Amino acid sequence: MRWLTVILLLVALVCSSCGFHKQGGAEKIAVLDWNKVLEAHPDQVRLKRMKEEYNLLLKKRQEQEARGKVQVSSLARLHQLKETSRRSYKTADYMVRLSERQADEERQLAAKQAAAAEQAERELASERQAVEDKYALTIFNLRLKLEGLKLKKDERAQTKAELERVLLARDKDRMAVEAHKQALVAERTQADRQAMQDRMAAYAKELQGELAGGSDEAARKDKELFQKAPESLQALLGSVDRELDKRQQEIELLEKSIQQDVGSIVTKLAKEKGYTIVFHKYKANVSADDITQPVIRDLQKLMQRRKLADGLSKKADAKAADRGQTGK
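Residues numbered from 1 in each chain as written. Predicted model: local features only at pLDDT ≥ 70, side-chain atom pairs only at ≥ 80, totals over all residues. Heavy atoms only, no water.

S.K.: What's the story with the overall build of the protein in this structure? I'm lost.
M.R.: The secondary structure content of the protein amounts to seven helices and five strands. Reading the helices (α) and strands (β) of the protein from amino to carboxyl end gives β-β-α-α-α-α-α-α-β-β-β-α. The proportion of buried residues among the 328 residues of the protein is 30%. The long-range fraction of contacts in the protein, counting pairs at least 24 apart against all pairs at least 6 apart in sequence, stands at 88%. Counting every atom, the protein has about 21800 Å² of accessible surface; 52% of that belongs to carbon and sulfur. (Helix = DSSP H or I, 4+ residues; strand = E, 2+ residues; numbered from the N terminus. Buried < 20%, exposed > 50% of the residue type's maximum accessible area, 1.4 Å probe, protein only. Contact = heavy atoms within 4.5 Å. Areas by Shrake-Rupley, 256 points an atom, 1.4 Å probe, with all protein chains shown as cover.)

Laid out in structure tokens, this is it:
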């Protein structure tokens, strides 16, 4: 029996749309739960921790950038106003306080918008799913045809064109659902936005009576501060960005390593057992051997061998270091 390349499908197999249910012929089919196997990899614990640390650092970076921009913007307004008016100090103070109140009001509004968006998302979940279900089978069949069949040049071109057309249609329907969601959020938060604007107008009027002049020395110090602030902010953000890039690369390398471990075990097992096709996941009545647990067992054995090899390597390194110190 000729060996076929192992196929890992990323979507569910619908039995009625293909002929792989005939396992009595030349094809020997297996199936595994790819996500379950990936989750069983021992390095998933380390990967999860790395992602949590990355997301925490990213959040802190975003918060620092937002605060820094508000501060730099405030300093820019402060410098401009103090350069053009004897009442610059109070004017700048007015703008800073107004900006801080504006930022606080916008955070509150953003929280309400987020809550409205979550509610709208729950309400539109069935609508989103309907869009996905509408196109899933067609997209799957077209991709399966492109990847699994040997097509003529013109047939391949026609199939690709049809797939692109279906994908565009799906994206259009997705955008329609998203537009519906945004409309719901805007409608449900309109009163909150108007109330925020009314409060800001009242607060601005309250501050307008506090304007007064400032000294030249204060203006000079403000100018120096304004000139240094953007550079300091960029230097700080740059150091954080370098650390984020480093951690992102480490995460991607570990994810790639995990997938390579699983892929190599699946390939080896498929060859040993004579499977010609290995599916990632399936639905409906497909006659196939479930190799999820065998793959997980082999994965655990692989990690045990690596752990043992690492331990032996460390012992050998320690002995070599001891011999080196003794020699000295």
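S.K.: I would appreciate a short explanation of the nonpolar core in the present structure.
M.R.: A general feature of soluble globular proteins is that nonpolar side chains tend to end up buried together. Formed by 26 residues in total, the largest nonpolar core has its most connected members in L32, V262, V266, V278, I291 and V295. Within the residue set of this core, elements represented by two or more residues are helix 1 (34-40), helix 2 (43-84), helix 6 (216-273) and helix 7 (292-327). Of all the elements, helix 6 adds the most residues to this core, at ten residues. One finds A116, L124, V131 and I139 within the second-largest nonpolar core, a separate group that totals 16 residues. (Core = buried A, V, L, I, M, F, W, Y, C linked by side-chain atoms within 4.5 Å.)

S.K.: Sorry if this is basic, but what is going on with the side chain of Q44 here?
M.R.: Looking at where Q44 falls in the secondary structure, it is placed in helix 2. Beyond its immediate sequence surroundings of up to four residues, Q44 is in contact with L38, E39 and I258.

S.K.: For this particular structure, what's the right way to read helix 4 (residues 125-148)?
M.R.: In an α-helix, one full turn covers 3.6 residues, which means residues spaced three or four apart are oriented alike. The end-to-end C-alpha separation of helix 4 is 33 Å, in line with the 34 Å expected for 24 residues at 1.5 Å each. Along its length, helix 4 shows its largest kink, about 35°, at A136. Those residues of helix 4 not exposed but buried are V131, Y135, I139, F140, L142, L144 and L146. (Expected span 1.5 Å × (residues − 1). Bend = angle between axes of the 7 residues up to and from the residue.)

S.K.: How should the pattern of salt bridges be read in this particular structure?
M.R.: Where side chains of opposite charge bring their charged atoms close, a pairing between them can arise. The full count for this structure, using the stated rule, is 18 salt bridges. Among the salt bridges present, the one from E121 reaches K181, with a minimum N-O distance of 3.1 Å. Here E121, found in helix 3 (residues 88-123), pairs with K181, found in helix 5 (residues 153-207); they are 60 residues apart in sequence, far enough to count as distant. In this structure, E178 engages R128 in a salt bridge whose closest nitrogen and oxygen atoms are separated by 2.6 Å. Within this pair, whereas E178 is found in helix 5, its partner R128 is found in helix 4, the two being separated by 50 residues in sequence. The structure contains a network of salt bridges with shared partners spanning E121, R128, E178 and K181. (Salt bridge = Lys/Arg side-chain N within 4 Å of Asp/Glu carboxyl O.)

S.K.: Explanation requested: the packing of aromatic side chains in the structure shown.
M.R.: What describes a pair of aromatic rings is the distance from one ring centre to the other and the angle between the planes of the rings. Following the criterion strictly, the structure yields zero aromatic pairs and no others. Across the ring face of Y275, the terminal group of K28 is positioned such that the distance to the ring centre comes to 5.0 Å. (Phe/Tyr/Trp six-rings, centres within 6.5 Å; stacked < 30°, edge-to-face > 60°. Lys NZ or Arg CZ within 6 Å of the ring centre and 35° of its normal.)

S.K.: When you look at the packing of helix 4 against helix 5 in this model, what are you seeing that I'm missing?
M.R.: Where helix 4 contacts helix 5, the axes come no closer than 10 Å and their chain directions differ by 165°. Taken as axis vectors, helix 4 and helix 5 run roughly antiparallel relative to one another. Considering the relative orientation of helix 4 and helix 5, their crossing is left-handed. Residues belonging to the contact of helix 4 with helix 5 are distributed by class as follows: ten nonpolar, three polar and 14 charged. (Axes fitted to C-alpha atoms, helices over the stretch in contact; angles between N-to-C directions. Parallel < 35°, antiparallel > 145°, perpendicular 65-115°, else oblique. Left-handed = near helix turned anticlockwise from the far one by under 90°. Nonpolar A, V, L, I, M, F, W, Y, C, P; charged D, E, K, R; others polar.)

S.K.: Would you take a moment to explain the environment of H41 for this structure?
M.R.: Mapped onto the secondary structure, H41 falls in the loop between helix 1 and helix 2. Distance in space between the C-alpha atoms of H41 and I258 is 6.9 Å, their sequence separation being 217 residues. When residues no more than four places from it in sequence are discounted, the contact partners of H41 are I258, D261, L299 and M303.

S.K.: What is the right way to look at the sheet that holds strand 3 (residues 277-279) in this model?
M.R.: Working definition: the strands of a sheet are paired by backbone hydrogen bonds and lie parallel or antiparallel to each other. With parallel pairing, three strands are arranged side by side in an open sheet as 3-2-5. One side of each edge strand has no neighbouring strand; the edge strands of this open sheet are strand 3 and strand 5 (289-290). Sheet analysis places strand 2 (residues 29-31) next to strand 3, joined by three bridges and oriented parallel. Within the sheet, the bridge partner assigned to V31 lies in strand 3 and is F279. (Pairing = 2+ DSSP bridges.)

S.K.: What is the right way to read the side chain of K181 from this model?
M.R.: For K181, a relative accessible area of 13% puts it in the buried group. Excluding its chain neighbours within four sequence positions, the residues that come into contact with K181 are A117, A120, E121, L124 and R128.

S.K.: What is the right way to look at the environment of D245 in this model?
M.R.: Looking at where D245 falls in the secondary structure, it is placed in helix 6. In this structure the C-alpha to C-alpha distance between D245 and Y54, which are 191 residues apart in sequence, comes to 9.6 Å.

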